[in-house]
Amino acid sequence: FQVRSLSSMKPHFLAAVLGLLGLTACTQLQPELPPDHAVDFVAEVKPLLESRCLECHHRRYVCAGLNLETKALAMKGGRSGPVIIPGSPHQSLLYKVLLLGHENPVAMPPTPEGVESEQQKLLHDWILQGAPWPEKVRLVPPQDWKTTRS
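Being a predicted model, the structure only gives us computed values, none of them experimental.

Undergrad: Please provide a residue-by-residue account of the overall build of the protein chain, values included.
TA: When helices and strands are counted, the protein chain shows six helices and two strands. Secondary structure elements in the protein chain, listed N-terminal to C-terminal, are α-α-β-β-α-α-α-α. A total of 150 residues make up the protein chain; the buried ones form 30% of that total. Expressed as a percentage of contacts within the protein chain between residues at least 6 apart in sequence, the contacts between residues at least 24 apart total 58%. Per element, the accessible surface of the protein chain, about 9,900 Å² overall, is 61% carbon and sulfur.

Written out as structure tokens, the structure is:
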């Protein structure tokens, strides 16, 4: 194996290597592409959060200091700080914990089946779109469904 200095490399080879490095850097700086459709919080996100998150993150059982029942409480976050960073899904713990494998102790939900990729994308897109949440919409924990739903 022979190590060459940059000056001894063929100019076209050096240009190709530098071009690839530049292309890699540029792709990492590009903003995320907008989602396919506008996510409807009430029809799509609310049922997901209620069925997969609210069993442990509601007013009577505030696991990790996180209550997701209202927009204000959800945006406040829990012991780890804010969990929803509007416009930044990859900085939002609510999204990031869904991507962890079940073996990880902080993976959510803490069930072997986790959340399906379509639901992960839905949450990703909702956060990317600014995490719009109508002010008067309150999530209902599954434990209360029989008393609040007909």
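Next comes the rest of the account.
Undergrad: I'd like a rundown of the pattern of salt bridges, residues and numbers included.
TA: If you walk through the whole model with that rule in mind, you get seven salt bridges. Taking the shortest distance from any N to any O, the salt bridge between E50 and K46 comes out at 2.8 Å. With E50 and K46 both in helix α2 (residues 41-52) and four residues apart, this pair spans about one turn of that helix. Of the two residues examined, E50 and K46, each falls in the buried class. For the salt bridge of R138 with E69, the shortest nitrogen-to-oxygen distance reads 3.7 Å.

Undergrad: So, the side chain of E69: which residues are in play, and what are the values?
TA: Tracing the sequence through the fold places E69 in the loop between β2 (61-62) and α3 (71-76). A distance of 2.4 Å separates the side chain of E69 from the side chain of R59, its partner in a polar contact. Setting aside anything within four residues of it in sequence, one finds E69 in contact with L54, H57, H58, R59, W133, V137, R138, L139 and P141.

Undergrad: Give a detailed account of the environment of A38, specifying residues and quantitative values.
TA: With respect to the helices and strands, the residue A38 is situated in the loop between α1 (11-29) and α2. Distance in space between the C-alpha atoms of A38 and Q129 is 7.6 Å, their sequence separation being 91 residues. Beyond its immediate chain neighbours, meaning those up to four positions away, A38 contacts E44 and Q129.

Undergrad: With reference to specific residues and values, describe the packing of α2 against helix α5 (residues 117-128).
TA: Their axes nearest at 11 Å, the elements α2 and α5 cross at an angle of 120 degrees. Considered as vectors, α2 and α5 are oriented oblique to each other. Judged by the twist between their axes, the crossing of α2 over α5 is left-handed. Between α2 and α5, the residues in contact are F41, E44, V45, L48 and L49 and Q119, L122, L123 and W126, respectively.

Analysis parameters
Residues numbered from 1 in each chain as written. Predicted model: local features only at pLDDT ≥ 70, side-chain atom pairs only at ≥ 80, totals over all residues. Heavy atoms only, no water. Helix = DSSP H or I, 4+ residues; strand = E, 2+ residues; numbered from the N terminus. Buried < 20%, exposed > 50% of the residue type's maximum accessible area, 1.4 Å probe, protein only. Contact = heavy atoms within 4.5 Å. Areas by Shrake-Rupley, 256 points an atom, 1.4 Å probe, with all protein chains shown as cover. Salt bridge = Lys/Arg side-chain N within 4 Å of Asp/Glu carboxyl O. Polar contact = N/O pair within 3.5 Å; in protein donor to acceptor, adjacent residues only side chain to side chain. Axes fitted to C-alpha atoms, helices over the stretch in contact; angles between N-to-C directions. Parallel < 35°, antiparallel > 145°, perpendicular 65-115°, else oblique. Left-handed = near helix turned anticlockwise from the far one by under 90°.

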